[in-house]
Amino acid sequence: MGTAAKRKPHLLLVAAAALVSSSAWSSALGSPTTFGPVFEDQPLSVLFPEESTEEQVLLACRARASPPATYRWKMNGTDMKLEPGSRHQLVGGNLVIMNPTKAQDAGVYQCLASNPVGTVVSREAVLRFGFLQEFSKEERDPVKTHEGWGVMLPCNPPAHYPGLSYRWLLNEFPNFIPTDGRHFVSQTTGNLYIARTNASDLGNYSCLATSHMDFSTKSVFSKFAQLNLAAEDTRLFAPSIKARFPAETYALVGQQVTLECFAFGNPVPRIKWRKVDGSLSPQWATAEPTLQIPSVSFEDEGTYECEAENSKGRDTVQGRIIVQALAPDFRLNPVRRLIPAARGGEIVIPCQPRAAPKAVVLWSKGTEILVNSSRVTVTPDGTLVIRNISRSDEGKYTCFAENFMGKANSTGILSVRDATKITLAPSSADINVGDNLTLQCHASHDPTMDLTFTWTLDDFPIDFDKPGGHYRRTSVKETIGDLTILNAQLRHGGKYACMAQTVVDSASKEATVLVRGPPGPPGGVVVRDIGDTTIQLSWSRGFDNHSPIAKYILQARTPPAGKWKQVRTNPANIEGNAETAQVLGLTPWMDYEFRVIASNILGTGEPSGPSSKIRTKEAVPSVAPSGLSGGGGAPGELIVNWTPMSREYQNGDGFGYLLSFRRQGSTHWQTARVPGADAQYFVYSNESVRPYMPFEVKIRSYNRRGDGPESLTALVYSAEEEPKVAPTKVWAKGVSSSEMNVTWEPVQQEMNGILLGYEIRYWRAGDKEAAADRVRTAGLDTSARVSGLHPSTKYHVTVRAYNRAGTGPASPSANATTMKPPPRRPPGNISWTFSSSSLSIKWDPVVPLRNESAVTGYKMLYQNDLHLTPTLHLTGKNWIEIPVPEDIGHALVQIRTTGPGGDGIPAEVHIVRNGGTSMMVENAAVRPAAHPGTIVSYSVAMLILIGSLEL
């Protein structure tokens, strides 16, 4: 190995010349006009943030071929379906993944380029999704130690990929913990170490974790953890290493290696590094908590020791660095086989073999070793750059790579084509929101290659396939790539770039589109000069979106759920150059939030964010309570009621009600103070208060700023007294088997209350009056019908007057006996005869039993299919004749008894016309109805009428 490391550079040059001369131009191309695909650009692995605002990932793929290549892609070894409208789009040979997600898109991708000559497969590109979750929302436990001791505060970072960098905050942003000898933040765990605490360390600590990915940087904060310090321990302590590097660290040649070491102690320990089996490079920092080797080599392999030392002692920790070295190898990253370039343009050809240590790189064209010139440059990392390309630059280019482990080379062929040029560039434009605009873009190109157009807005690719999008392509042939913007919005303003692209080169031109629209939201809304009904509101101007702001309106709401409403202001009309105004007409002692809305000739913009919540100052109440009334209660009481005043009318703290009252006709007012906004009544109790005595009452509210206005005077009566007089001439009579009528003479209105009605009490003979049922009348009626009684039963009845205080004395009792019940058998043996215009029906008479009421007649309910409204017929006989229309098809008949005890159970027949004038009975057996007063499967109107007949 030592000999190989000392090889002379001229040996590499000789080997390179030999390799170049032994190759043949024709072996790479086949025939001059037909050749298989050769990659010019291959996909690279991508780390995509899961929460990125980017809407797409692009995996590059471009190949030169004659005839031109077609492209397809594989994901995880399976062919992808690249259909129009799907999330995976083929743009040239590039794969564009719209709205990528980890669940659907993470994996290994390869591009396949094909033509009739053959197919080439690209290197693998891995699409990974980086993420950084939020810290736990749980509160962190306080950390307690003695002042003078060391302490470690854990970071406990959330789930993430890839690795993170860490910083710590003390109390507030951006007060970051300094990186000094006393503090150390591990970039491995995120933990914060303090070698020796002192009083300045008291406070709240938060860990800041930052993820660095391809498209974005994201940071999250932990919950604050409080560091509390107990009484100082002034003793001295020997060092104790708390942050340790691993016992073995593996690295490739050329990689950066970092070892961490930090110790607690008093005094604060000093950190020293040494290499146990060698010496440290003088370029390395050897007195810091981290030892960093920028580019590790085999000479750096060995055992390293960290020593922490103070006046009380020392502590050490050791670990090995093991260095490994995958000779130059082009298998994963060969030089592009075919390298197309545009005449007059520039080509960049990377040379990226895998090697450890890093390889020395040389380039040749044919047999000529290339050296830097005005047109040709080989960069320090081995990349070949050729500028101002001409046809003479065509040929075979080889990259030679060598390190002490070995050597390798890789060759590609440069082919020069006509350059692509923009012949009609897009023009800048100035439009309003809602307008349509077409940006033109025409190009010329080498006719042997395909031409594609891509558009970007502020360097982000435009997605033409987004559902409901505003962009349309308006191309009519290959050399035209016009872009149309439909219904332009503010977000469509910016720098547009049209790129005409072939597999060889590209050309682009830019244009600026300015979209004018309603103003953006104002900012910085601040409330000051808070009064009881006014405040001063200030704000800062938002974007005018290229049209001057004409005016502002101010809105307010009462949190948390109040609706935004426009408020009165001074000045009444706020001009567009204003940034402050006074708000008028607010309610005292009320919580408010405010916002500002700007408008211009193009419309009204979005509102500002709400201001911080404020409360207006207190003021005396300005509105009197409403709903003043009263009455009721116990003897000797006056009860006054009112409607409690809502929060918006209280105007201040210490709110309550001030009541004034006096007997009607008196000149002296009595007052009572009732504290509390929710209070809604007051009870005045005095033996001198007679029943139903009129009082004049008025009310006002108060708070700690003073008394509000007084209400109008209302008349309220004291508690009533029960009626003292009983009704007379009570009379009762049974009118059916379940009902009786009751009448009485009214009582005279008394001065002790307002008569509300009468209460009827009734009970069966033999029962005690305490078991009586009760029914009340509403109003001053002097008769009532009592229902729900038992048949053939004697009842005792009394009547009492009642008011709000209760019921008065009972009248002398009256007696009534209910009727016997109607027969419980329906009419039977129903038969009928008919003619063209009438129907005659007869039945056997119903003979009541001894315990049933007499039959005085029959009721028949008739309905046909021509007239759904039923008709009622009464007869005192056991037959009836009714007119019948000639064209009826169906009829339904119900027959029941009637008499003093009420209506009996109905019998039901269903009659169907049979032929010209005859009718037949459907289901000839006559049956009782399903329930007294109902007809099965017939109209609601008929059911209502039958129910009313039973009453």
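About the thresholds
Residues numbered from 1 in each chain as written. Predicted model: local features only at pLDDT ≥ 70, side-chain atom pairs only at ≥ 80, totals over all residues. Heavy atoms only, no water. UniProt positions renumbered as here; feature names shortened; annotations may be inferred. Salt bridge = Lys/Arg side-chain N within 4 Å of Asp/Glu carboxyl O. Helix = DSSP H or I, 4+ residues; strand = E, 2+ residues; numbered from the N terminus. Pairing = 2+ DSSP bridges. Axes fitted to C-alpha atoms, helices over the stretch in contact; angles between N-to-C directions. Phe/Tyr/Trp six-rings, centres within 6.5 Å; stacked < 30°, edge-to-face > 60°. Lys NZ or Arg CZ within 6 Å of the ring centre and 35° of its normal. Disulfide = S-S within 2.5 Å. Buried < 20%, exposed > 50% of the residue type's maximum accessible area, 1.4 Å probe, protein only. pLDDT = per-residue confidence, 0-100. Contact = heavy atoms within 4.5 Å. Core = buried A, V, L, I, M, F, W, Y, C linked by side-chain atoms within 4.5 Å.

Where an unreviewed UniProt entry is consulted, the chain appears under the name Contactin 2, with the organism given as Callithrix jacchus. One UniProt comment on the chain, placed under Sequence similarities (unreviewed entry), says "Belongs to the immunoglobulin superfamily. Contactin family."

Within the structure shown, the criterion is met by 36 salt bridges. A salt bridge links Glu852 to Arg825; the nearest nitrogen and oxygen atoms lie 3.3 Å apart. Of the two residues, Glu852 sits in the loop between strand S74 (838-844) and strand S75 (857-864) while Arg825 sits in the loop between strand S72 (814-817) and strand S73 (828-834), which places them 27 residues apart along the sequence. Three or more residues are tied together by salt bridges with common partners; here these are Arg343, Arg391, Glu394 and Asp418.

On to the pairing of strand S46 (residues 506-516). Where strand S38 (residues 429-432) meets S46, four bridges bridge the pair, whose relative direction is parallel. In the strand pairing of S46, Asp430 is matched with Leu514. Pairing analysis gives eight bridges linking strand S45 (residues 494-501) to S46, with the strands arranged antiparallel. Considered in S46, the bridge of Gly494 is made with Val513. With antiparallel pairing between neighbouring strands as the criterion, S45 and S46 make up a hairpin whose turn holds four residues.

The next subject is the sheet that holds strand S44 (residues 483-485). Spatially, S39-S44-S43 is the arrangement adopted by the three strands of the open sheet, whose pairing is antiparallel. One side of each edge strand has no neighbouring strand; the edge strands of this open sheet are strand S39 (437-439) and strand S43 (471-473). On average, each strand axis in the sheet is inclined to that of its neighbour by 25°, with strand direction left out of account. Relative to S44, S43 is paired through three bridges, and the arrangement is antiparallel. In the strand pairing of S44, Arg472 is matched with Thr484.

Once that is clear, we can look at the UniProt feature "domain: Fibronectin type-III" (unreviewed entry) in the chain. Here the UniProt-annotated "domain: Fibronectin type-III" (unreviewed entry) positions come out as residues 521-619, 624-721 and 726-821. For residues 521-619, the end-to-end C-alpha separation is 34 Å, with 0% helix and 45% strand making up the annotated structure. Note that residues 624-721 is 0% helix and 51% strand, and that its end C-alpha atoms are spaced 32 Å apart.

So, about the packing of aromatic side chains. What the rule picks out here adds up to 20 aromatic pairs. On the basis of an interplanar angle of 65° and a centroid distance of 6.3 Å, the ring pair of Tyr762 and Tyr795 is categorised as edge-to-face. With a gap of 33 residues between them, Tyr762 in strand S67 (residues 757-764) and Tyr795 in strand S70 (residues 794-803) connect regions that are remote in the sequence. In this structure an aromatic cluster arises from ring pairing among Phe184, Tyr193, Phe262 and Phe264. The aromatic ring of Phe176 is capped on one face by Arg167, whose charged end is 3.6 Å from the ring centroid. The lysine or arginine in question, Arg776, covers the ring of Tyr802, its NZ or CZ lying 3.8 Å from the ring centre.

What follows concerns the state of the cysteines. Enumeration according to the criterion identifies five disulfides in this entry. The partner cysteine of Cys155 in its disulfide is Cys207, sulfur to sulfur 2.1 Å. Taking the sign of the torsion about the S-S bond as the criterion, the disulfide between Cys155 and Cys207, at about -75°, is left-handed. Taken together, the positions of Cys155 in the loop between strand S13 (151-153) and strand S14 (160-161) and Cys207 in strand S18 (residues 203-212) put the pair 52 residues apart, joining distant regions of the chain. When its relative accessible area of 0% is taken as the criterion, Cys155 is described as buried. With relative accessibility at 0%, the residue Cys207 sits in the buried group. The disulfide that involves Cys441 links it to Cys498, with 1.9 Å between the sulfurs. Between Cys441 and Cys498, the S-S torsion sits near -85°, and that sign places the bridge as left-handed. Here the residue Cys441 occupies a position in the loop between S39 and strand S40 (442-444), and Cys498 occupies one in strand S45, the gap between them amounting to 57 residues. Judged by relative accessible area, Cys441 falls into the buried class, the value being 0%.

Moving on, we get to the sheet that holds S74. Strand order across the open sheet formed by three strands is S73-S74-S77, with antiparallel pairing between neighbours. Edge positions in the open sheet fall to S73 and strand S77 (879-883), since each of these has one partner strand only. Each neighbouring strand pair of the sheet contributes to a mean axis angle of 20°, computed without reference to strand direction.

We now examine the confidence of the model for the chain. The predicted model of the chain averages 87 in pLDDT, with 92% of residues at 70 or higher. Low confidence marks residues 1-32, where pLDDT is under 50. Its contacts with residues over four positions away, or in another chain, come to 35 contacts. In the model, residues 915-951 has pLDDT below 50 throughout and makes 78 contacts with residues more than four positions away in sequence or in other chains.

Before going further, it helps to examine the environment of Leu839. Within the secondary structure, Leu839 sits in strand S74. In this structure, Leu839 is in contact with Trp832, Thr833, Phe834, Ile880, Glu881, Ile882, Val884 and Ile911, ignoring residues within four places of it in sequence.

What follows deals with the UniProt feature "domain: Ig-like" (unreviewed entry) in the chain. As recorded in UniProt, the sites labelled "domain: Ig-like" (unreviewed entry) are residues 43-128, 133-222, 239-322, 328-415 and 420-514. The annotated region residues 43-128 carries 5% helix and 55% strand content, and the separation between its end C-alpha atoms amounts to 13 Å. The annotated region residues 328-415 carries 0% helix and 47% strand content, and the separation between its end C-alpha atoms amounts to 27 Å.

To continue, consider the pairing of strand S35 (residues 395-403). Most of S35 is tucked away, with nine of its nine residues classed as buried. Across six bridges, the pairing between strand S31 (residues 360-365) and S35 is antiparallel. In the sheet register, Leu362 faces S35, and the bridge partner there is Phe400. Here nine bridges tie S35 to strand S36 (residues 406-417), and the two strands are oriented antiparallel to one another. The residue of S36 that forms the bridge with Phe400 is Asn409.

A few words now on the environment of Pro178. Relative to the assigned elements, Pro178 resides in the loop between strand S15 (164-170) and strand S16 (183-185). With 130 residues separating them in the primary sequence, Pro178 and Ala308 have C-alpha atoms 20 Å apart.

As a rule of thumb, soluble globular proteins bury nonpolar side chains together. Counting 23 residues, the largest nonpolar core has Trp455, Ile462, Tyr471, Leu483 and Tyr496 as the members making the most contacts within it. Listed by contribution, the elements that provide at least two residues to this core are S38, S39, strand S41 (452-457), S44, S45 and S46. Aside from chain neighbours lying at most four places away, what touches Leu483 is Leu437, Thr438, Leu439, Trp455, Ile462, Phe464, Tyr471, Arg472, Thr474 and Tyr496.

A word on unusual backbone geometry. The residue after Tyr161, namely Pro162, is reached through a cis peptide bond having omega -5°. Relative to the helices and strands, Pro162 resides in the loop between S14 and S15. In this chain, Pro559 is followed by Pro560 through a cis amide linkage whose omega measures 5°. Relative to the helices and strands, Pro560 is located in the loop between strand S49 (551-557) and strand S50 (565-566). One non-glycine residue, Asn76, lies in positive phi territory at about 55°. By the secondary structure assignment, Asn76 is in the loop between strand S5 (70-75) and strand S6 (78-79). Of note in the backbone geometry, Asp458 takes a positive phi value of approximately 50° without being a glycine.

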